[in-house]
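A closer look at the structure
Letter by letter, the chains look like this.
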Amino acid sequence: MMNHFMVLAVLLPLRTCYSTYFQQESLVFPVTYLNISKDLALQQLLVEWDVGKSAHDAELAMSFEIQVRRTDENTTVWTEFQNVTLDRSGKSLNWIWYSDLPLECLSHSVRIRSKAESSKVWSQWSLWETVRGLDTSNDSGPQIFPNEKIIEEGSDISLCCIGRKGEIIEDFFLAPDIDVFKHTSSQGQVSLLTVKNVSHQVPHITACCKESCSEDQCYVHAILSVGRAPDTPTDFSCQTQDMKIVTCTWSQGGDTYLYGRHSPKYTLSEEFSQKPVPCTVSCAEQCSCSWDIGRQRIFNITVTVENPLGKETAMDAFDVTHRIYPAAPFQLLEECTDTEITLHWKHQNKVIELFCQTEVLQPDGKIELRNSSNTHLHYSSITLGGLQPFTEYTLRVRCGAAKHFWMWSEWSETLTIRTKEASPSGKLDIWREITPVLGGRNVTLFWKQGSSFQANGRIISYEVTWEKVEDGSEPESISFSPVYNSTRISIDNHSYRISVMAKNYAGYSLPSVLIIPRDTGIKEFKEEQVNGTDNGIFISWEPRHTYDSYIIDWCNFPMLQPCDLQWKRFGPNTSSALINSAAFVPGVRYNFRIYGSVADATFLLEKKTGYLRELPPLPDPIVEKVELSFNAVTLSWDSYSANEAQPGFIRGYHVYVSPIEEDCNLKGSKKHVLPDDSVLCKYTIENPDERRYTVKHLLPNTKYKLAVKAYSGGGETPIINFIYIDTPLNSNMLYLVALLVIVPALAAALCCWKLKWVKEHCCPVIPSPNKSKVLSFKEFKVGSEKVLKISDCIPDVLAVDSKAEAQKLHPWSQPTEDKISDHNSSWICPDEKEESQFTASPAPQTQTWFENFAYSSHLAAESDLYQKLETLEASKPELSAARYQPHYYFDIFNEDAASTPRETAGRKTSLRYVSQTDVHCLGRRL
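Model, not experiment: these values are computed from the prediction.

Our focus in this paragraph is the sheet that holds strand β3 (residues 61-70). Spatially, four strands are ordered β4-β3-β6-β7 in an open sheet, and the strand pairing comes out antiparallel. The sheet is open, and its two edges are formed by β4 (78-85) and β7 (129-131), each paired on a single side. For this sheet, the mean angle separating the axes of adjacent strands, direction not counted, is 25 degrees.

Our next topic: the sheet that holds strand β11 (residues 169-175). Taken in spatial order, the four strands of this open sheet run β9-β15-β14-β11, and their pairing is mixed. In the strand order of this sheet, the two ends are held by β9 (148-152) and β11, each with one partner. Neighbour-to-neighbour, the strand axes of the sheet open up by a mean angle of 20 degrees, direction not taken into account. Direction of pairing for strand β14 (residues 204-211) relative to strand β15 (residues 219-227): antiparallel, over a ladder of seven bridges. Directly across from Ala-207, in β15, lies its bridge partner Ala-222.

Bringing unusual backbone geometry into the picture now. Residue Pro-176 is reached from Ala-175 by a cis peptide bond, and omega for that bond is 0 degrees. Mapped onto the fold, Pro-176 is located in the loop between β11 and β12 (181-184). Going from Gln-561 to Pro-562, the amide bond is cis rather than trans, its omega being -5 degrees. Among the structural elements, Pro-562 can be located in the loop between β41 (549-555) and β42 (565-570). Despite not being glycine, Asn-456 shows a phi value in the positive range, around 55 degrees.

Scanning all chains against the criterion turns up 26 salt bridges. Residues Arg-497 and Glu-467 are paired through a salt bridge, measuring 3.7 Å at the closest nitrogen-oxygen approach. Of the two residues, Arg-497 is situated in strand β36 (residues 496-504) and Glu-467 in strand β33 (residues 461-468); the sequence distance between them amounts to 30 residues. A single salt-bridge network, built from bridges that share partners, covers Glu-528, Arg-544, Glu-606 and Lys-608.

Applying the stated criterion across every chain yields a total of 24 aromatic pairs. Ring centres of Phe-236 and Trp-250 lie 5.8 Å apart, and the angle between their planes is 65 degrees; this geometry places the pair in the edge-to-face category. Of this pair, Phe-236 sits in strand β16 (residues 234-240) while Trp-250 sits in strand β17 (residues 245-251), and the two are 14 residues apart along the sequence. Phe-236 gets classed as buried once you look at its relative accessible area, which sits at 11%. Centroid distance Trp-291 to Phe-299: 6.3 Å. Interplanar angle 80 degrees. Geometry classified as edge-to-face. On the basis of relative accessibility, which here comes to 3%, the residue Phe-299 falls in the buried class. Among the aromatic residues, those joined into a ring-pair cluster are Trp-541, Tyr-547, Tyr-550, Phe-570 and Phe-603. Over the ring of Phe-390 we find Arg-418; its NZ or CZ atom is 4.6 Å from the centre of that ring.

A few words now on the state of the cysteines. Per the counting criterion, the structure on display carries nine disulfides. A sulfur-sulfur distance of 1.5 Å marks the disulfide that ties Cys-213 to Cys-218. Around the S-S axis, the bridge from Cys-213 to Cys-218 shows a dihedral of about -120 degrees and counts as left-handed. Of the two residues examined, Cys-213 and Cys-218, each falls in the buried class. Not part of a disulfide, Cys-208 finds its nearest cysteine sulfur in Cys-209, a span of 9.0 Å.

Let us now look at the side chain of Thr-487. Checked against the element boundaries, Thr-487 lands in strand β35 (residues 486-491). Contacts of Thr-487, omitting those with residues within four sequence positions, involve Val-443, Thr-444, Leu-445, Trp-447, Val-464 and Phe-480.

Here the focus is the environment of Glu-334. Its place among the elements puts Glu-334 in strand β24 (residues 330-336). Remark: the alpha-carbon pair of Glu-334 and Leu-415, spanning 81 residues in sequence, is separated by 8.9 Å.

Across the protein, the average pLDDT comes to 80, with 77% of residues at or above 70. Below pLDDT 50 for its whole length, residues 810-848 participates in 97 contacts with residues either more than four positions away or in separate chains. In this model, residues 850-926 is a region of pLDDT below 50 whose contacts with residues beyond four sequence positions or in other chains number 187 contacts.

The rules behind these values
Residues numbered from 1 in each chain as written. Predicted model: local features only at pLDDT ≥ 70, side-chain atom pairs only at ≥ 80, totals over all residues. Heavy atoms only, no water. Pairing = 2+ DSSP bridges. Helix = DSSP H or I, 4+ residues; strand = E, 2+ residues; numbered from the N terminus. Axes fitted to C-alpha atoms, helices over the stretch in contact; angles between N-to-C directions. Salt bridge = Lys/Arg side-chain N within 4 Å of Asp/Glu carboxyl O. Phe/Tyr/Trp six-rings, centres within 6.5 Å; stacked < 30°, edge-to-face > 60°. Buried < 20%, exposed > 50% of the residue type's maximum accessible area, 1.4 Å probe, protein only. Lys NZ or Arg CZ within 6 Å of the ring centre and 35° of its normal. Disulfide = S-S within 2.5 Å. Contact = heavy atoms within 4.5 Å. pLDDT = per-residue confidence, 0-100.

As structure tokens, then:
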């Protein structure tokens, strides 16, 4: 039973809470009151509404949905939700809506519905509450709204033109012409224009409206301005110079593009006194406003800037004693020595203790600030030490409050002061150039003010002194005007000590000393080539530990005589340097000499030569000699100079060759393509001293073009001019042609000219056997050929092989073996076979020859018929022959002439017949 009551006690409150929640969830509080009004000046739509008293009593949190629409528009132009917690006062609710379209243009209607936040159900919409616009104009003409307005840059603007009753808007436009959205009401009495993102580049916009009629009152226009809201004032601060007047300054910000009565307006107010500040604002680069502060010391100043588009403020709270901005010092006076300046000045703030600062402008443009520790009420001073003698300094002073420093005053006027002179400090940088002459040397002495030298005044002269080192001879000296920086003195070959000093009105500098060693003759040094860079010419040398410094000298203009000698000194640990000069130009050879210095004496160590940048050699080598053959050409350019006048080191030569009518392709060459795409053969000579070259493998009887170019580290100039050659014909071919053509032709001509002589000696006429008496025999034929019988032949010469046979033929005379004389000589030419037979004979033989003078009648008439028989002897083997000269015709082959048949037969076999034909053709002398 107890459990039952406990369950009921729990369920009853739950039921009550559920019923209450359900009722609240479905509870609706509709809008019971709605009123709309308009503020045309601010273009605001003012909405006021309320709900039932029960909602206020329940202090419900409610949401309201508000909708706005315009006449002739069926869609809602604005929807907004408002969340409000009601209170028991029963005060109505308010809402303000800013219309983008002038409220005069159209009628606007509003409706609202509500919902308790605890409920899910919205109330019914209230009825539309309408506020009427000027749908028609009762004026004498059409009207434009807004008729005068300041438009903010970047915003959108809507305009309307309302026509008179019964009139239709014919045209509504803007000038200048810009993009607009245009809409006209259904009845044509209202026209709307909308402009997006208005720019200040169009400072004024003119709206023009015209009705359909043509009278003057049918037209109206309005001018609109485009601008910006003012910026917040920046750098706003206030200060005082004399504790009486406070001046506030600020930057006015960017341009608002609004002028005249629409320009920004500035006002200042003081919060503590709740009064406006009695000052007049003036703006130039900055805005400022000043007023008398009286006895007040603490201020909270607000500056306000305002124009039709907006308003901005800035504040500054301060204690006047902490905002002291002193006036600039004045009446500057100075006292100076050679190294110090004491500066005095006055200031107006006699009741304020000031702390001052002096600005010192150095001659090199550097600025040094020095603070003053001397703080008098009426005047101040500062002493500036560590200055250079005879040097101009520009000074100015500013001051600030020593207590509660706020800011510096303006600078005083500048004061330029020159310190007094002092004796020159440091030494002159001196150098020399020694030229050997007959009996001594000429020393050209140079001097300049180095980095360690300070003139400390105006140099009035240079003192040069020289004396021998070995003996105590009186020194010689000479003084030079300050416009000179060199001189020449003549000395002998002894060692000399030379010194140079600078002098100003305060005294002399320390002497700079050079020792000229005794002349020991000229030592030759080989010049080493060095390379230039974009920044200068790099020089390096071998360091020597015996020297305490090194000197490099050169000429900026080496072609000038005398040249302007330059020099530079380096420490003992330096072994290289980049020599640069504004006078260095490409294509000029510069010579450098490196000296070592110890105890004021200098010694030449090395020589260098180089260019800032090498250029191609000029001019081109001139080919002075050309030696031609049928397949080669030798070129010579012996007079070409590779001296210092060249714009680069001559590294060698290039020889270019090409046939005129075709590209070149010679053995052992490289191809070189010209800009016109023609191809040359290129030969390289890497020895610059070689000025002769032979181009081989040319073709005979061919025309070639050649060029010789010198090249350097800067390359070579383009090929412009060529020399032309024609190779001759091959002489060996000429000889061959001469042998094949000329010699046979000459031989033929000679033969024609001496035809008879040639015929007699080379090809004599062989007598025809038919005409010879030898062939006067009876005809005997064997076949078709005639055959001579031995018995019918009368020989002209007989040769008998043995003396015994010859004696048988000449029983009346003894044969002789004498040599044949030239007058009676006969000729026989045995062939090679016969000669071999003769030489093969083991023992000397003697042959006997018989001549028939009946056949050789010309010999018979000239010979002695009774000549003795002569014997012909040969040397290898030794031969002899006996000539038989009969007095009558003797038939030796007549068998009757022999004593016995045996003897006759023996003679036949021992005799040898030599025919006349054989004798003449063989051409041997008998």
